[in-house]
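Summary of structural features
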Amino acid sequence: MATWDDVERLALALPLVEERADGGFDGWRTWKITGDKGRQVVWERPMRPSDLRDLGDAAPTGEIIAVRTPSFEVKAARIAEIPACFDIPHFAKYTGLLLLLDEIDVDDLQELIEDSWATVAPKRAVKEWRAT
């Protein structure tokens, strides 16, 4: 199963990605596109008290990260395909997807991080990266 080292290695292997340990919400680890306007690619996303209240006994435990998906259809497909993926009411109107780090296969994690990167990275960078 995946670890924080895997997240860091996979995220930083992508062009234009930097880690921002100080730039995330509440000090969460964040990997984002470089620059002030760079969007998050993957980030630590523990359950907040409101999430725990909303999910009740169904609230997952363990290390949780978030990634982006290009559409709600892809988000739903990933949740159906990968047991470690899930959603919360707070993300209902957002194409972000949550993952249980200790339950996700490294290959699935890599695919999700790469898809997230391709969703937020500059189109030119994505085109160049896919051509290699």
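Refer to the structure presented above.
Keep in mind it's a predicted model, so treat the numbers as computed, not measured. (Residues numbered from 1 in each chain as written. Predicted model: local features only at pLDDT ≥ 70, side-chain atom pairs only at ≥ 80, totals over all residues. Heavy atoms only, no water.)

Description of the packing of aromatic side chains
Counted according to the given criterion, the structure contains three aromatic pairs. Residues Trp 4 and Trp 31 carry aromatic rings whose centres are separated by 6.2 Å and whose planes lie at 20 degrees to one another, so their mutual orientation is stacked. Highlighted residues: Trp 4 in helix α1 (residues 4-12) and Trp 31 in strand β2 (residues 30-33), separated in sequence by 27 residues. Taking relative accessible area as the criterion, Trp 4 reaches 17% and is therefore assigned buried. Owing to a relative accessible area of 0%, Trp 31 belongs among the buried residues under this scheme. (Phe/Tyr/Trp six-rings, centres within 6.5 Å; stacked < 30°, edge-to-face > 60°. Helix = DSSP H or I, 4+ residues; strand = E, 2+ residues; numbered from the N terminus. Buried < 20%, exposed > 50% of the residue type's maximum accessible area, 1.4 Å probe, protein only.)

Re the packing of helix α4 (residues 106-120) against helix α5 (residues 123-131)
Here α4 crosses α5 at 140 degrees, and the two axes come no closer than 8 Å. It follows from the interaxial angle that α4 and α5 lie oblique. Taken as a pair, α4 and α5 cross one another with a handedness that is left-handed. Where α4 approaches α5, its residues Glu 114, Trp 117 and Ala 118 are matched on the opposing element by Ala 125, Val 126, Trp 129 and Arg 130. Taken together, the residues that form the contact of α4 with α5 break down as five nonpolar, no polar and two charged. (Axes fitted to C-alpha atoms, helices over the stretch in contact; angles between N-to-C directions. Parallel < 35°, antiparallel > 145°, perpendicular 65-115°, else oblique. Left-handed = near helix turned anticlockwise from the far one by under 90°. Contact = heavy atoms within 4.5 Å. Nonpolar A, V, L, I, M, F, W, Y, C, P; charged D, E, K, R; others polar.)

Side note on the pairing of strand β3 (residues 40-44)
With respect to burial, β3 is a largely interior element, five of its five residues being buried. Note that β2 and β3 share three bridges and pair antiparallel. Directly across from Trp 31, in β3, lies its bridge partner Val 42. Between β2 and β3, which pair antiparallel one after the other, the connecting turn spans six residues, and Gly 35 there sits at a positive phi close to 100 degrees. Relative to strand β4 (residues 64-68), β3 runs antiparallel, the two being bridged by three bridges. Among the inter-strand pairings, Trp 43 is bridged to a residue of β4, identified as Ala 66. (Pairing = 2+ DSSP bridges.)

The values are spatial; any link to function lies outside them.
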